[in-house]
Amino acid sequence: MSLMSHRPADGGRKDIYAELPLINNERLKFDSVTPFVPSYVKRNVSLSMNPSQAYASRVEGRQILLDNPARDSKTKKEREEKRAKRAAERARKAAGVMGLQEGKRKGLWLLQKEDTKFSLFLPLHSLWLGYMSELLGLSPPPPTRHADPAATIPGAAGMHAKLIKADFHGSVVTVWKSKNPCLVGLSGIVVHETENTFKVITPMDQLKLIPKQNSVFVFAVPLYATSTVPPLPSSSVQTAQTVLDMPHIEFELYGNHFCFRAAERAGRKFKHKETIEL
């Protein structure tokens, strides 16, 4: 059995320029007196709600997207990121900012043998003592020598949160425990801190590189506020003293959980840990 279909004489084609059919016996009009969108909404909205109220609350004064906006391709985003990175690199070079790798190539972190003198870094240590006095809000020394020092010790809980984010350049650190017995007892002024090491100048005028991993350090902060003015280099040998020569408070520093740069540590949130192993 065969099926027969009927095809119009014009091949099913319609004139796209023909007049639109009447809607409710009315011709569609576009003018400013009767705009299309309000009239269409009010005429075709569901009868369950007020058409005028629906138009005023959902349509009037709003931008309605009739289709999904065009999305930027992944290649375009990567190209824009590379362009922004190159612009930032050019701006950094124009400002004269030197990167870490470039500084290593030019030897900025290398000390000459004549510069590895403990006395040369005593003014830096004095600046660090003043920095600790302001950071921890230490009280001035008592007028009498026989005053009870326990009454002036600040709260340890508040000190821990500040010290963990503090800058240790200029502090005196000592290796208390270590898996490498050769490091135990090393002490000196920190002249450079990296992510995994402390570079210190010992009282014997030696430059030592101490790894943070598998080591426990001890450092001290002054008990009373000190002056922020460093001593003159000419008189530093006779009059300058370290924090160990004055009333101080000692803290333990676990290197395994301190492997961060000073800039990263300032904005990092540390979690309290009950037990810490080497």
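Scroll up to find the structure this text is about.
Residues numbered from 1 in each chain as written. Predicted model: local features only at pLDDT ≥ 70, side-chain atom pairs only at ≥ 80, totals over all residues. Heavy atoms only, no water.

### So, the overall build of the protein
Looking only at helices and strands, the protein has eight helices and six strands in total. Going from the N terminus to the C terminus, the protein shows its helices and strands as α-α-α-α-α-α-β-β-β-β-β-α-β-α. Taking all 278 residues of the protein together, 24% fall into the buried category. Partitioning the intrachain contacts of the protein with sequence separation of at least 6 by distance along the chain shows that 63% fall at a separation of at least 24. By element, 55% of the accessible surface of the protein is carried by carbon and sulfur atoms, the whole surface being about 20900 Å². (Helix = DSSP H or I, 4+ residues; strand = E, 2+ residues; numbered from the N terminus. Buried < 20%, exposed > 50% of the residue type's maximum accessible area, 1.4 Å probe, protein only. Contact = heavy atoms within 4.5 Å. Areas by Shrake-Rupley, 256 points an atom, 1.4 Å probe, with all protein chains shown as cover.)

### Quick notes on the sheet that holds strand E5 (residues 215-222)
In space, the six strands of this open sheet follow the order E4-E3-E2-E1-E5-E6, with antiparallel pairing throughout. Since the sheet does not close on itself, it has two edges, and those belong to strand E4 (207-211) and strand E6 (248-254), each with one partner. This sheet shows a mean twist of 40° between the axes of neighbouring strands, independent of strand direction. Seen against the sheet, helix H5 (residues 122-136) touches strand E1 (172-178), strand E2 (187-193) and E5 and runs at an angle of roughly 75° to E5. (Pairing = 2+ DSSP bridges. Axes fitted to C-alpha atoms, helices over the stretch in contact; angles between N-to-C directions.)

### Notes on the pairing of strand E3 (residues 197-201)
One face of the sheet, then the other: side chains in a regular strand alternate in exactly this way. Taken across its five residues, E3 has five buried, putting it largely inside the fold. Side chains of E3 alternate between two faces, with Thr-197, Lys-199 and Ile-201 and Phe-198 and Val-200 buried alike. Pairing between E2 and E3: four bridges, direction antiparallel. Within the sheet, the bridge partner assigned to Val-190 lies in E3 and is Val-200.

### Some remarks on the packing of aromatic side chains
Under the counting rule described, the total for this entry stands at four aromatic pairs. An aromatic cluster of at least three residues, connected via ring pairs, comprises Phe-168, Phe-219, Phe-251 and Phe-258. For the cation-ring pair, Lys-177 lies above Trp-176, with the distance from its terminal atom to the ring centre recorded as 4.4 Å. For Lys-212, the ring lying beneath its charged end belongs to Phe-198, and the centroid distance is 4.9 Å. (Phe/Tyr/Trp six-rings, centres within 6.5 Å; stacked < 30°, edge-to-face > 60°. Lys NZ or Arg CZ within 6 Å of the ring centre and 35° of its normal.)

### Structural notes on unusual backbone geometry
In this structure, Asp-205 takes a positive phi of about 60° despite not being glycine. Mapped onto the fold, Asp-205 is located in the loop between E3 and E4. For Asp-205, a relative accessible area of 32% corresponds to the partly exposed category. Positive phi outside glycine occurs at Asn-214, with the angle close to 60°. When you line up the elements, Asn-214 lands in the loop between E4 and E5.

### Here we look at the side chain of Ser-178
By the element assignment, Ser-178 lies in strand E1. At 3.1 Å, the side chain of Ser-178 forms a polar contact with the backbone nitrogen of Asn-180. Within the local environment of Ser-178, its side chain forms a polar contact with the side chain of Ser-215, the two groups lying 3.2 Å apart. (Polar contact = N/O pair within 3.5 Å; in protein donor to acceptor, adjacent residues only side chain to side chain.)

All quantities given are derived from atomic positions and should not be read as evidence of function.
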